[in-house]
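Breakdown of the fold
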Amino acid sequence: MSKGQAFSIEALFALLAAGSLLVVASLHSRERSEGLERLYEYELLNDFLQVESKAGLNEGFVSSSGFCVKLEEIGGAGTARFLPSSCERSEPAGMVSATRVICREAGCGKFRAGLWRD
Amino acid sequence: MAFPKRFRCEKGQAFSIDAAVAAVLVLTLVVVGWRGISVAAGDASFANSRVSLQAKALALADFLVKQGAVYSSDGAYGKAAYSHEIDSERFSSLDSGELARVVGARSACVELLRAGEAASCSGGACVKRAAVLHESGEACFVEVCVE
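This text gives an overview of the structure that appears in the document. (Residues numbered from 1 in each chain as written. Chains lettered and ligands numbered in written order. Predicted model: local features only at pLDDT ≥ 70, side-chain atom pairs only at ≥ 80, totals over all residues. Heavy atoms only, no water.)

Some thoughts on the overall build of chain A
In plain terms, the rule: Each helix corresponds to a stretch of at least 4 residues labelled H or I by DSSP, and each strand to a stretch of at least 2 residues labelled E; elements are numbered beginning at the N terminus. Exposed residues in this analysis have more than 50% of their type's maximum accessible area, buried residues have under 20%, and partly exposed residues fall in between, with area computed by a 1.4 Å probe over protein chains only. In what follows, a contact means two residues having at least one pair of non-hydrogen atoms within 4.5 Å. Note that accessible areas follow from Shrake-Rupley with a 1.4 Å probe, and for residues the cover is restricted to the protein chains shown.
Within chain A, the secondary structure is distributed over three helices and four strands. In chain A, the order of α-helices and β-strands from amino to carboxyl end is α-α-α-β-β-β-β. Residue burial in chain A is summarised as follows: out of 118 residues, 31% are buried. When contacts within chain A are restricted to residue pairs at least 6 apart in sequence, those whose partners lie at least 24 apart make up 58%. Counting only carbon and sulfur atoms, one obtains 55% of the accessible surface of chain A, whose full area is about 7200 Å².

The following block contains the structure:
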């Protein structure tokens, strides 16, 4: 192989490497940024906890939001409550959670709540 | 049978051919790289403006459910705002133009929705926050859209 051929092959490899780098960088920059969705979901979960403490959550109300809510009293004897009830079977992918002390007529309790997209 | 002579280029010829090939490769790199960078910059700019609009919608909705549209009363230490308890009268008197100006958006649309009601507001970014109506204790949504 002559010197010129060796140089050309080396340049070709360098071009392939650079091209691959550009493709990878371009693909990476096309990924969707998450934005503020998680913040919004966390705020909405806290909204639902406020509504639960002031008026009580019902199935119809939560289902119209397009989200699932799971409410569980910490240290309580009862089972977790799912709103709407069909969410008991749905996969809680990307769930945001919070704990809150909620006081109702019957007394106060510490609740763990989770929210995910239906 | 005479075998063909192996091509042996002179030093100057080899360098010229190599430089020509390298120039073509570099030019290709520059063109492809320039286009890739332009696309990436465009995508980044679009993502940034989308997040910025989302942030405005979130900030406005947060203000409304915690302060701007809630029931308030005079207390021992001044005015007390009842977070997440919407005062319908106060909500109706909101000026969406002024709200848009405060968050730095071109326009804003806000509405109160009961469960099951469809939203009529639309815009670049919309958020829906849950609250209760102070008068009736009924759960409701505050829909905010900004453009």
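From this point, the discussion proceeds with the structure in view.
A word on the pattern of salt bridges
So the rule is basically this: Each reported salt bridge corresponds to a side-chain nitrogen of Lys or Arg within 4 Å of a carboxyl oxygen of Asp or Glu.
Counted according to the given criterion, the structure contains 13 salt bridges over all chains. A salt bridge links Arg 112 of chain A to Glu 72 of chain A, with the shortest nitrogen-to-oxygen separation between them at 3.9 Å. With Arg 112 of chain A in strand E4 (residues 107–117) and Glu 72 of chain A in strand E1 (residues 67–73), the pair connects residues that are 40 residues apart, well separated along the chain. Accessibility expressed as a relative area gives 26% for Glu 72 of chain A, which makes it partly exposed. Arg 129 of chain B serves as the salt-bridge partner of Asp 62 of chain B, at 3.0 Å between the closest nitrogen and oxygen. Of this pair, Asp 62 of chain B sits in helix H1 (residues 11–68) while Arg 129 of chain B sits in strand E4 (residues 125–133), and the two are 67 residues apart along the sequence. Residue Asp 62 of chain B shares its accessibility class with Arg 129 of chain B, and that shared class is buried.

Quick word on the side chain of His 84 of chain B
Applied cut-off: Any pair of nitrogen or oxygen atoms within 3.5 Å is treated as a polar contact; in protein, a donor-acceptor pairing is required on top of that, and neighbouring residues in sequence qualify only through side-chain atoms on both sides.
Structurally, His 84 of chain B is set in strand E2 (residues 78–86). Only 2.8 Å separates the side chain of His 84 of chain B from the side chain of Ser 83 of chain B, close enough to count as a polar contact. Apart from the residues within four sequence positions on either side, His 84 of chain B is in contact with Asp 47, Gln 50 and Lys 54 of chain A together with Val 65, Lys 66, Val 70, Arg 129, Ala 130, Ala 131 and Val 132 of chain B.

Some words on the sheet that holds strand E2 (residues 81–83) of chain A
Residues and elements named next belong to chain A. Basically, it comes down to this: Strands pair, by our definition, only if DSSP identifies at least two bridges between them. Axis definition: a line fit to C-alpha positions, over the contact stretch in the case of helices; interaxial angles, taken between N-to-C directions, run 0 to 180 degrees.
Pairing is antiparallel across the open sheet formed by four strands, whose spatial order is E2-E1-E4-E3. Strand pairing shows two members of the sheet lacking a second neighbour, E2 and strand E3 (96–104), which therefore form its edges. Here the average twist between neighbouring strands, direction ignored, is 25°. In terms of strand pairing, E3 meets E4 through nine bridges, oriented antiparallel. Across the sheet, residue Thr 99 finds its bridge partner in E4, namely Arg 112. Lying over the sheet, helix H2 (residues 37–54) contacts E1, E2, E3 and E4, oriented at roughly 15° with respect to E3.

Observations concerning the sheet that holds E4 of chain B
Pairing in this open sheet of five strands is mixed, and the strands run E1-E2-E4-E5-E3 (chain B) from one edge to the other. Looking at which strands have only one partner, the edges of the open sheet turn out to be strand E1 (70–75) and strand E3 (108–114) of chain B. Averaged over all pairs of adjacent strands, the angle between strand axes in this sheet comes to 35°, irrespective of strand direction. Pairing of E3 of chain B with strand E5 (residues 139–146) of chain B involves seven bridges; the strand directions are antiparallel. The partner of Val 110 of chain B across the bridge, within E5 of chain B, is Val 144 of chain B. Along the sheet, H2 of chain A makes contact with E2, E4 and E5 of chain B, crossing E4 of chain B at roughly 15°.

Section: the interface of chain A and chain B
Stated precisely, the cut-off is as follows: For any pair of parts, buried area is found by adding up, for both, the accessible area (1.4 Å probe) each one loses once the two are put together. By the convention adopted, Pro, Cys, Tyr, Trp, Phe, Met, Ile, Leu, Val and Ala count as nonpolar, Lys, Arg, Asp and Glu as charged, and the other residues, Gly among them, as polar.
Contacts between chain A and chain B engage 28 residues on the former and 31 residues on the latter. At the boundary of chain A with chain B, total buried surface from both sides reaches about 2700 Å², with 67% on carbon and sulfur atoms. It is Leu 36, Asp 47 and Phe 61 of chain A that lose the most area in chain A upon contact with chain B, and together they represent 19% of the buried surface on that side. Viewed at the interface, chain B and chain A are joined by three salt bridges. In this structure, the salt-bridge partner of Glu 43 of chain A is Arg 129 of chain B, at a minimum N-O distance of 3.1 Å. Counting across the interface, chain A meets chain B through ten residue pairs in polar contact (both at pLDDT 80 or more). Only helix H1 (3–29), H2 and helix H3 (59–63) of chain A provide two or more residues apiece to the side of chain A that touches chain B. Here the side of chain A that touches chain B gets ten residues from one element, more than from any other, and that element is H2 of chain A. Residue composition of the side of chain A that touches chain B, grouped by class: 14 nonpolar, eight polar and six charged.

Overview of the pairing of E4 of chain A
Residue and element names in this part refer to chain A. Summarising the sheet, E1 and E4 pair through seven bridges and their orientation is antiparallel. For Cys 68, the partnering residue across the bridge sits in E4 and is Trp 116. Between the antiparallel neighbours E3 and E4 lie two residues.

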